[in-house]
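Residues per chain are reported as follows:
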Amino acid sequence: MKKTLNIARGGLFTALGVFLIYLSSIIPTSKLYILGIASAIIPLSILTTSLNTSFVVYTATSLLSLLIIGLKGTVFVYILLLGLYGFIKYYTEKLRNMPVEIILKLLYFNTAAGILYYLYITFFIRELKINISLYAAAIMLQFIFIIFDYALTIFIAYVNKHFVKIS
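Here's what I pulled together on the structure shown here. This one's a predicted model, so the numbers in the text were calculated from it and none came from an experiment.

Here we come to the environment of Thr 111. One can find Thr 111 in helix H6 (residues 98-124). Considering only alpha carbons, one finds Thr 111 and Ala 15, 96 residues apart in sequence, at a separation of 28 Å. A polar side-chain atom of Thr 111 sits 2.8 Å from the main-chain carbonyl oxygen of Leu 107.

Structure below.
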């Protein structure tokens, strides 16, 4: 019964994830907001199913998004940054050492953001035109990432308190 429930939930989480990534690729605004919601599916899957099922959900969502949506920036952001972040958050918060957690999360974010920047410059445009320096943008993105991490923590605590039954 438990395996069947995990498979069913995994399928629902995958479908919801692909739908949200697709939605973020077609609407003109709020792309990162919808991708942020899509990234909350992995921690939700970890809480309600198992870690193995959650990894299958991430892999299936990533592959289906690539097949359905194609090589778009939103798909790459999900695959390299936001989709994997649920697992990074899960393992780093097991350390129970706040400064180390923050450093590891920011290290992951900066590495993934650097890879995304390189891919974006290589495959989509040759030169990124922004009005502020790249370093100022990177610092601002780190603050936004910390706010995102905090919001995800609040979401996880809410789901854990109200929806996850302790067996």
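On we go.
A few words now on the packing of aromatic side chains. What characterises a pair of aromatic rings is the spacing of the ring centres plus the angle enclosed by the ring planes. According to the stated counting rule, one finds 11 aromatic pairs in the structure shown. Residues Tyr 85 and Phe 145 carry aromatic rings whose centres are separated by 5.0 Å and whose planes lie at 75 degrees to one another, so their mutual orientation is edge-to-face. Highlighted residues: Tyr 85 in helix H5 (residues 73-93) and Phe 145 in helix H7 (residues 134-162), separated in sequence by 60 residues. Comparing Tyr 85 with Phe 145 shows no difference in burial state: the two are buried. Among the aromatic residues, ring-to-ring pairing joins Tyr 85, Tyr 108, Phe 109, Phe 145 and Phe 148 into one connected group.

Between side chains of opposite charge, a pair can form when the charged atoms approach closely. Evaluated as defined, the whole model comprises four salt bridges. In this structure, Lys 89 engages Glu 93 in a salt bridge whose closest nitrogen and oxygen atoms are separated by 2.6 Å. Of the two residues, Lys 89 and Glu 93 are both situated in helix H5; the distance of four residues between them amounts to about one turn of the helix. The class of Lys 89 is buried, set by a relative accessible area of 2%. On the accessibility criterion, Glu 93 (22% relative accessible area) is partly exposed.

Take the side chain of Thr 92 next. By the secondary structure assignment, Thr 92 is in helix H5. Within polar-contact distance, the side chain of Thr 92 engages the backbone oxygen of Lys 89 at 3.3 Å. Look past the residues within four positions of Thr 92 in its chain and what remains in contact with it is Glu 101, Leu 104 and Lys 105.

Another point: unusual backbone geometry. Although it is not a glycine, Ser 30 sits at a positive phi angle of roughly 60 degrees. Examined against the element boundaries, Ser 30 turns out to sit in the loop between helix H1 (2-26) and helix H2 (31-39). With relative accessibility at 43%, the residue Ser 30 sits in the partly exposed group. With a phi angle near 60 degrees, Arg 96 is a residue other than glycine that sits in the positive phi range. Within the element layout of this structure, Arg 96 appears in the loop between H5 and H6.

Turning our eyes to something else, we now look at the nonpolar core. Judged by nonpolar contacts, the single largest core of 33 residues is most densely connected at Ile 21, Ile 42, Tyr 78 and Leu 81. Within the residue set of this core, elements represented by two or more residues are H1, H2, helix H3 (41-48), helix H4 (51-69), H5, H6 and H7. For this core, the element with the most residues is H5, which contributes nine residues. Among all residues touching Ile 21, those that are not within four sequence positions of it are Leu 35, Ala 38, Thr 61, Ser 65, Ile 69, Thr 74, Val 75 and Tyr 78.

Conventions adopted
Within each chain, residues carry numbers counting from 1 in the order of the written sequence. Totals for whole chains, interfaces and linings use all residues, but because this is a predicted model, local features are given only for residues with pLDDT of at least 70 and pairs of side-chain atoms are given and counted only at 80 or more. Hydrogens are left out, water is left out, and the side-chain values use all remaining heavy atoms of the structure. The secondary structure listing takes helices from DSSP runs of H or I that are at least 4 residues long and strands from runs of E that are at least 2 residues long, numbered from the N terminus. Polar contact criterion, stated in full: a pair of N or O atoms within 3.5 Å, where within protein one must be able to donate a hydrogen and the other to accept it, and residues adjacent in sequence count only if both atoms are side-chain atoms. A pair of Phe, Tyr and Trp rings is counted when the ring centres sit within 6.5 Å of each other, with Trp represented by its six-membered ring. The angle between the planes then sorts it: under 30 degrees is stacked, over 60 is edge-to-face, the rest tilted. Three exposure classes are used, based on accessible area relative to the maximum for each residue type with a 1.4 Å probe and protein chains only: buried under 20%, partly exposed in between, and exposed over 50%. Salt bridges are identified by distance alone: a Lys or Arg side-chain nitrogen within 4 Å of an Asp or Glu carboxyl oxygen. Note on contacts: a residue pair is in contact if any heavy atoms of the two residues lie within 4.5 Å. What is meant by a nonpolar core is a set of buried Ala, Val, Leu, Ile, Met, Phe, Trp, Tyr and Cys residues, joined one to another through side-chain atoms within 4.5 Å.

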